[in-house]
Amino acid sequence: MRNLKLNQPTNTNGIASSVTSKIDFDRPMPTNHTVSVIVPAKNEAANLPYVLPRIPTWVHEVILVDGNSTDNTVEVARKLLPNIRVIGHERKGKGNALIAGFNAATGDIIVMIDADGSTDPAEIPAYVGALLAGAHYAKGTRFMQGGGTADMEIHRMFGNWCFVTMVKTLFGSSFTDLCYGYNAFWRAILPQLRLDCDGFEVETLMNVRALEAGLRIAEVPSFEYERIHGTSNLHAFRDGLRVLRTIVTEWANQPLRGKNAAVPASNLAGFAQHRAAEA
Ligand SMILES: Nc1nc2c(ncn2[C@@H]2O[C@H](COP(=O)(O)OP(=O)(O)O)[C@@H](O)[C@H]2O)c(=O)[nH]1
Ligand SMILES: [Mg+2]
C-alpha cells in the first residue's frame, strides 16, 4: 500500500487528508476487466503530484492527453508514473483531448478524470462498481446525496442547473448534473456516443448521446474539489453557449424525439420477456 501521507504533497483542498487517504490503492479489484484512465492535461505540472499517485494500482493503463503544455507536465507525469502513456491531440480543447484519449484506450472500461485535483481518483472504484453492476455508462453527479462541489461559482451552478432542466424537459432524463468531467463507460459503447466536438461541451454531448442511444445510465455521487494550482481554462459565457448549442442541436437532430429515446430498451427487454413468460 502506498503511504500517501509520506509520499504525497498535502492537498490543501483536503483530498489527501480526507478519509479516502486510508484507502488501500493496491487492493485488487474483484474483476478481470481492464480499466483505462484518461487524464486531459494542459499545463498541470503543479497539480499532477496530487492526482496521479492516487490512481489505484490495479488500473491497467493511464493515458495523459497533453494539450501542448508549456510547463513540464509531461516530464512530471512520467516521473510520477513511469508506465504512463502520453499522447497529444490535433485541435485545441478538452473535448478534442478526451476523444483522442478514448480512441487510444485499450481497457474494457474507460474512466475520465481531470488533472487539476478537482476529481479524486479514489472514487474510481465507485464508477467501475456501477458499471460492473450493470450500467453501460456511469456519470458523476455533484448534486446527489454523497456528492458536492467546492469548485463552482454561483453563476456556473445556475447555468448548469438550467442545462440540467433543459435536458430533463427535452430528452426526458432524470439527470441531477450535466457539465461534470468525471464519467466512466464500457469501451464497447464508445461508437454509440459518436463523439465529435472539441470544447468543454464534451460532457454534455456524452451525456445526451448516452440518453439518445438508450444506454443504461447510472449516476454516481462525486465530490468536486477546488482546482489546486492555476486557473480554469473554462469561460462561463463562451462555453455555456457551446453547451446550449449542443443541447439544441442534439434535440433538433434526434431521430426518436420524446420519451422512447430514453428507454434503455436493450436492458429492459430481457426482464420484460421473463415477466411475460412467467405470467
Ligand atoms: N489536453 C488538454 N487538456 C485540457 C484542455 N483544456 C482543458 N484541459 C484539461 O481539462 C481539465 C479540466 O479543465 P479546467 O480548465 O480545470 O476546467 P474546469 O474544471 O471546467 O474549470 C484539466 O485537467 C485541464 O488541464 C486542452 O485544450 N487540452
Ligand atoms: Mg477544473
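Please read all numbers here as calculations on a predicted model, not as lab measurements.

1. Some points on the site of ligand 1
- Around ligand 1 lies a shell of 21 residues, among which Gly67, Ala97, Ala115, Ser232 and Asn233 are the nearest.
- Elements that contribute at least two residues to the shell around ligand 1 include exactly strand S1 (35–41), strand S2 (61–66) and helix H4 (94–104).
- Of the residues that constitute the shell around ligand 1, the class distribution is 7 nonpolar, 6 polar and 8 charged.

2. Thoughts on helix H8 (residues 202–212)
- Here H8 lies mainly inside the structure; 10 of its 11 residues are buried.
- By the burial criterion, the buried members of H8 are Val202, Glu203, Thr204, Leu205, Met206, Asn207, Val208, Ala210, Leu211 and Glu212.
- One or two steps after H8, the chain reaches Gly214, where phi turns positive at roughly 70°.

3. Some remarks on unusual backbone geometry
- Unlike most non-glycine residues, Asn43 shows phi in positive territory, near 55°.
- Along the chain, the position of Asn43 falls in the loop between S1 and helix H2 (48–51).
- A count of 20 C-beta atoms within 10 Å places Asn43 in the buried class.
- In this model, Asn68 sits at a positive phi of 50°, which is unusual for a non-glycine residue.
- Along the chain, Asn68 falls in the loop between S2 and helix H3 (73–80).

4. Examining the confidence of the model for the chain
- Chain-level pLDDT for the chain is 89 on average; 84% of the residues reach the 70-or-more range.
- Every residue in residues 1–19 is under pLDDT 50, and counting partners more than four places away or in other chains gives 35 contacts.

5. Remarks on the pairing of strand S4 (residues 109–112)
- Where burial is concerned, the two faces of S4 agree: the one with Ile109 and Val111 and the one with Ile110 and Met112 are both buried.
- Both S1 and S4 contribute to a ladder of 4 bridges, which runs parallel. Each bridged residue has a counterpart across the sheet, and for Ser36 the counterpart in S4 is Ile110.
- Pairing geometry for S4 and strand S7 (residues 183–186), over 4 bridges, is antiparallel. Across the sheet, the residue bridging to Val111 is Ala184, located in S7.

Rules of the game
In every chain, residue numbers begin from 1 and rise along the written sequence. Chain labels run from A onward and ligand labels from 1 onward, assigned in the order the entries are written. Residue-level local features of this predicted model are given only where pLDDT is at least 70; pairs of side-chain atoms are given and counted only at 80 or more, and the full residue set underlies all totals for whole chains, interfaces and linings. Using a C-beta atom placed from the backbone, a residue is scored as near a molecule or strand whenever that atom is within 6 Å of it. Secondary structure is summarised from DSSP: a helix means a run of H or I of at least four residues, a strand means a run of E of at least two, and numbering begins at the N terminus for each. Each residue is assigned to one class: nonpolar for Ala, Val, Leu, Ile, Met, Phe, Trp, Tyr, Cys and Pro, charged for Asp, Glu, Lys and Arg, and polar for all the others, Gly among them. Three exposure classes are used, based on other C-beta atoms lying within 10 Å of a residue's own C-beta, which is placed from the backbone: buried for 20 or more, exposed for 12 or fewer, and partly exposed in between. What pLDDT conveys is the predictor's confidence in a given residue, as a value from 0 to 100. It is the C-beta atoms, placed from the backbone, that decide contacts: two residues are in contact if theirs lie within 7 Å. Criterion used throughout: strands pair if DSSP finds at least two bridges between them.

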